[in-house]
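# Observations on chain architecture
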Amino acid sequence: MNEILKRIESPQDLKQLSVKDLSHLAKEIRSLIINVVSNTGGHLSPNLGVVELTLALHYVFDAPRDKIVWDVGHQCYPHKIITGRREEFSSLRQHQGLCGFPCREESEYDVYNTGHASTALSAALGMAVARDKKNEDYHVVSVVGDGSLTGGMAWEALNQIGHLRDRLIIVLNYNEMSISQNVGAISKYLSYLVSGQHYLKMKDHVKSVLKIVPAVGKPMIKVARAVEEAAQKIFFPGLFFERLGVKYMGPVQGHSLRSLIEVFKKAKTYDGPVLIHCVTQKGKGYSPAKSNPERFHSASPFDVRTGESLGKDEKPTFSSVFGQAAVKIAKEDENVVAITAAMPDGTGLKPFASQFPERFFDVGIAEQHAVEFAAGLAIGGFKPVVAIYSTFLQRAYDQLHHDVCLMDIPVVFALDRAGIVPDDGPTHQGINDIVYLRHLPNMIVMAPKEENELQHMLKSALSYTHPVAIRFPKGKGLGIPLDEELKEIPLGQSELLKEGKHLLIAFGSMVYPALEAARRLDKEGISMAVVNARFAKPLDEKMILSFAHRKRIIITAEEGVTAGGFGSAVRELLDREKKFNIRFKRIGLPLEIYPVGKIEQIKKKYLLDEEGLFQQIKDFYK
Ligand SMILES: Cc1ncc(C[n+]2csc(CCOP(=O)(O)OP(=O)(O)O)c2C)c(N)n1
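Since the model is a prediction, treat every value here as computed from it, not as a measurement.

About the criteria used
- Residues numbered from 1 in each chain as written.
- Predicted model: local features only at pLDDT ≥ 70, side-chain atom pairs only at ≥ 80, totals over all residues.
- Heavy atoms only, no water.
- Helix = DSSP H or I, 4+ residues; strand = E, 2+ residues; numbered from the N terminus.
- Rg over C-alpha atoms; globule rule 2.2 N^0.38 Å.
- Buried < 20%, exposed > 50% of the residue type's maximum accessible area, 1.4 Å probe, protein only.
- Contact = heavy atoms within 4.5 Å.
- Areas by Shrake-Rupley, 256 points an atom, 1.4 Å probe, with all protein chains shown as cover.
- Lys, Arg positive; Asp, Glu negative; His and termini not counted.
- Charge placed at Lys NZ, Arg CZ, Asp CG, Glu CD.
- Domains from an automatic or database assignment.
- Buried area = accessible area lost by both parts, 1.4 Å probe.
- Salt bridge = Lys/Arg side-chain N within 4 Å of Asp/Glu carboxyl O.
- Polar contact = N/O pair within 3.5 Å; in protein donor to acceptor, adjacent residues only side chain to side chain.
- Phe/Tyr/Trp six-rings, centres within 6.5 Å; stacked < 30°, edge-to-face > 60°.
- Lys NZ or Arg CZ within 6 Å of the ring centre and 35° of its normal.
- Near = heavy atom within 4 Å.
- Pairing = 2+ DSSP bridges.
- Axes fitted to C-alpha atoms, helices over the stretch in contact; angles between N-to-C directions.

Here we take up the overall build of the chain. For the chain, the count of helices and strands is 23 helices and 17 strands. Computed over the C-alpha atoms, the radius of gyration of the chain is 27 Å, within 12% of the 25 Å expected from 2.2 N^0.38 for a compact globule of 622 residues. If one aligns the C-alpha atoms of the chain with their principal axes, the spans along those axes are about 95 × 60 × 55 Å. Classification of the 622 residues of the chain by burial places 58% in the buried group. In the chain, once contacts between residues fewer than 6 apart in sequence are set aside, the share between residues at least 24 apart is 77%. Carbon and sulfur atoms make up 52% of the accessible area of the chain, which totals about 26,200 Å². Here the chain contributes 78 positive and 73 negative side-chain charges, whose respective centroids are spaced 2 Å apart.

This is how it looks when you write it as structure tokens:
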């Protein structure tokens, strides 16, 4: 096993191989990926789908001199394996191991760090223009999926690519999937192009029928027209791209090394932008992933034999509690609608989508549009709930400000994966949202201490008639029983959980660790009251000021960057009042680029776990 792979130290070693050897190598790479990802978890089905495509690219082009730019970058495992990182591949997504996305700090073959979608065409165009302006001579190749092509930035790039016409190769990895089934009119157009192949067969078939049938009646004329239309598709496929000024090649069978090598060689000779439409299958080579590419898009560790996940936990995730609460509320209020930007499963909205298909919208990887679309729906009398991961909502900052908050339009934002996010590394951390939301006019910012409170917060948010953001972490809840009946939390009201002399006020996921730390501090003679803030905006000013009047120490805790975050909000309140002589500390995250690792490892490093809180408060008290 791995007879060929063990000889591949760099892409140069591929160039000596025959197509037959490359095809064996593809098998060996798939097997390595399946084995490693079954241990570490990771993006399985996207990577299994691009093995031949990656081999053909590295066979034809000369990286790192030629630049290969991956969109999202979740499909870079074969690329990492053949660019000198085969031995380290088992450390994928582990603390101090290989990052699951392209990473310039790791290798000169990774020209551009990614994690968020739809960036590759813009970045690649920039590189191509820089090359041409400096009279240099290398190829720039960007690989973009059909899912990522639903993002607006990809079209902004195409607009300029067709205008400038610099030499640039776009490999469209078409597999009909985003994380879930791909959506939208562009996706339909791409599948229409692919279906040209079937028309080709149909045309031949019809031709042969026409040959043997002498009479040409009305039905025959209809058939003849269909043949003509099909012929148009065949002879001018990709007309749309051609009209944009981008040469279209394809569709190409994306698992045929011979076809891929041939088309990439041809594309190399073209002096302008060219798009190669490669048809691939997500999960290729591993039947559980092939039959359920969505589940294996980003899989947790699994049993290779069966595909079953390892380490099942009975506690529901925050995402699923959110999704169920949305269904419950929508049953009672027909104006509630839900929106996702290509993450129906990850955000927990699948049950909503199946129960209320006409009130559910998957807009594609289009966070900016999702926010703006929601604002329009709200103006029309609906109550939109927009579920987007904290890190991806960063995309829509201006829409939040300009299109929702300035007009005080009631849209509810459910920010999943808020706080520290495991395994995916710096691009996926959800640690900025308190900061980027708190200063928006009219925006209410909430975070539940556990999953039961999340349900009540969703109900409450829909009653406030302002823009509201609810942030909650990735993963399992705390196992708190879920109330049947949902209640409304009065706007801005915090919750006192433990009496004490000084104040420890925690936001969201930090509440329980704060409570545990405070119980231990009691034993050290340090008496901290613990308050569940619930709101970063509006703050429970009355409660905080009452402590400020009586106490000497106020400490805030949040799972987000402290610069401009929740603690800063409390500090600003105290500064506004001026008259307090108190000692104040904010606990949270520094401005840094966060390492790959498990949540526990990262929290420990930044002293945000119970032990870290205990030590930080004890040291401060002294
Ligand atoms: C801005 C942004 N929103 C959402 C995501 C989550 N996400 C990661 S991969 C993916 C689907 C990408 O589909 P496609 O480009 O077709 O690649 P495939 O996985 O099908 O190979 C999504 C939605 C993201 N990475 N970035």
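The extent of an interface is frequently quoted as the accessible surface area lost upon association of the parts. Domain boundaries assigned for the chain yield domain 1 (5-199 + 237-291), domain 2 (318-471) and domain 3 (495-621). Taken over C-alpha atoms, the centre of domain 2 sits 26 Å from the centre of domain 3. Between domain 2 and domain 3, the contact holds 29 residues from the first and 35 residues from the second. Summed over both sides, the interface of domain 2 with domain 3 buries roughly 2,400 Å², with 61% coming from carbon and sulfur. Linking domain 2 to domain 3 there are four salt bridges. Residues Glu 453 and Arg 534 are paired through a salt bridge, measuring 2.7 Å at the closest nitrogen-oxygen approach. Taken together, the links from domain 2 to domain 3 amount to 17 residue pairs in polar contact (both at pLDDT 80 or more).

Attention shifts here to the packing of aromatic side chains. Here a ring pair, both rings aromatic, is described through the centre-centre distance and the interplanar angle of the planes. Scanning all chains against the criterion turns up 20 aromatic pairs. Through pairs of rings, three or more aromatic residues link up here, namely Trp 155, Tyr 189, Tyr 192, Phe 240, Phe 241 and Tyr 248. The lysine or arginine in question, Arg 131, covers the ring of Tyr 138, its NZ or CZ lying 5.9 Å from the ring centre. Between Arg 520 and the ring centre of Phe 614, over which it is positioned, the NZ or CZ distance is 3.9 Å.

What follows deals with the site of the ligand. Residues in contact with the ligand amount to 23 residues; listed here are only the nearest, His 74, Gly 147, Ser 148, Lys 282 and Glu 367. Contacts to the ligand include Gly 147, whose backbone N or O atom sits 2.7 Å from an oxygen atom. Alone, the ligand offers 580 Å² of accessible surface; in the complex the protein occludes 97% of this. Residues lining the shell around the ligand come from more than one domain, with at least three contributed by each of domain 1 (5-199 + 237-291) and domain 2 (318-471).

So, on to the sheet that holds strand S12 (residues 495-498). As summarised here, the arrangement of the five strands in space is S12-S14-S13-S16-S17, forming an open sheet in which the pairing is mixed. The sheet terminates laterally at S12 and strand S17 (583-589), the two strands that pair on one side only. Strand-to-strand twist of the sheet, defined as the mean angle between neighbouring strand axes without regard to direction, takes the value 25 degrees.

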